[in-house]
Amino acid sequence: TYRFPKWMVCPNCHLMKETNLHNPELIPCINSKCYKEKLQQIRFIVVCPTGHIQDFPWLEWAHKSKSFNDDCKYHLKYNSGGGGTLADIRIKCEKCDTRWRGLSNITGVTTGQDGKVTTFLSKNVHGSSEEFLCKGNSPWHGTENLKGCGEQLRAVLTVSYTHLRAHETRGN
């Protein structure tokens with residue numbers, strides 16, 4: 001059994017935490033004010049056209065960069081703002097005091113005059129001209145960060161699947 005998506009959030013303090021793919025246990029919040037409240041999975045992932053899936057790039061999104069401190073992963077905050085749109089969901093790194101960054105358009109796709117499809121996510125994760133591309137992950141096999149396939153990624157909202165079972169997806 002594998003845990004995917006790996007990113008979790010505390011329903012009380014909204015602190016985010018990345019878990020281990022191989023840890024199926026319920027995970028308590030590290031904030032002492034939350035009285036060990038159990039974390040809930042964040043239901044966003046990214047997919048590529050060839051079928052690979054990976055976690056949404058929360059650290060890169062908050063920093064608009066692929067460069068950030070290792071311990072930033074302990075300081076991400078998730079704010080859903082109470083609304084029902086992607087624009088209402090915002091992320092920020094409290095350690096770096098980044099600005100809140102909303103999820104508007106993360107599912108967006110455009111088709112150029114040449115017929116090439118471009119995803120908003122791949123073009124805008126880093127806030128620059130460098131594209132964010134597929135890493136080739138297949139978490140249902142228990143592996144990550146394989147050889148990237150180089151395809152553009154699109155964000156999707158998942159149904160809440162707590163665990164992937166390798167025997168149920170074998171052959172896919």
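Residues numbered from 1 in each chain as written. Predicted model: local features only at pLDDT ≥ 70, side-chain atom pairs only at ≥ 80, totals over all residues. Heavy atoms only, no water.

A. Layout of the packing of aromatic side chains. Here the structure, examined in full by the defined rule, presents four aromatic pairs. Pairing Phe44 with Trp58 gives two aromatic rings, centres 6.0 Å apart and planes at 80°, and the pair type is edge-to-face. Here Phe44, found in strand S5 (residues 44-47), pairs with Trp58, found in helix H1 (residues 58-63); they are 14 residues apart in sequence, far enough to count as distant. Residue classification places Phe44 among the buried positions, given a relative accessible area of 5%. The exposure class of Trp58 is buried, given its relative accessible area of 1%. The interplanar angle of 75° and the centroid separation of 6.1 Å between the aromatic rings of Trp58 and Tyr78 together place this pair among those described as edge-to-face. Here Trp58 is found in helix H1, whereas its partner Tyr78 is found in strand S7 (residues 76-79), with 20 residues between them in sequence. This pair shows no difference in class: Trp58 is buried, exactly as Tyr78 is. Among the aromatic residues, those joined into a cluster by ring pairs are Phe44, Phe56, Trp58, Trp61 and Tyr78. (Phe/Tyr/Trp six-rings, centres within 6.5 Å; stacked < 30°, edge-to-face > 60°. Helix = DSSP H or I, 4+ residues; strand = E, 2+ residues; numbered from the N terminus. Buried < 20%, exposed > 50% of the residue type's maximum accessible area, 1.4 Å probe, protein only.)

B. Highlighting the sheet that holds strand S6 (residues 53-55). Taken together, the three strands give an open sheet; going across it, the order is S6-S5-S12, and neighbouring strands pair in antiparallel fashion. With one partner strand each, in any of the chains shown, S6 and strand S12 (154-157) form the two edges of the open sheet. On average, each strand axis in the sheet is tilted by 40° relative to the strand beside it, whichever way the strands run. (Pairing = 2+ DSSP bridges. Axes fitted to C-alpha atoms, helices over the stretch in contact; angles between N-to-C directions.)

C. Expanded view of the state of the cysteines. Tallied over the full model, the rule gives zero disulfides. Here Cys72 stays unpaired: no disulfide links it, and the sulfur of Cys96, its closest cysteine neighbor, is 3.4 Å away. A residue is classified by how much of its surface remains accessible, and Cys72, at 0% relative accessible area, is buried. Not engaged in a disulfide, the cysteine Cys134 finds its nearest cysteine sulfur in Cys149; these two sulfurs lie 3.5 Å apart. (Disulfide = S-S within 2.5 Å.)

D. Molecular detail of the side chain of Thr98. With respect to the helices and strands, Thr98 occurs in the loop between strand S8 (90-93) and strand S9 (101-102). The buried category is assigned to Thr98, whose relative accessible area is 14%.

E. Geometry of the sheet that holds strand S2 (residues 7-9). Reading across from one edge, S3-S2-S4 is the order of the three strands in this open sheet, with antiparallel pairing throughout. A single partner strand is all that each edge strand has here, and the edge strands are strand S3 (16-18) and strand S4 (40-41). With three bridges joining them, S2 and S3 adopt antiparallel strand pairing. Note that in S3 the partner of Trp7 across the bridge is Glu18.

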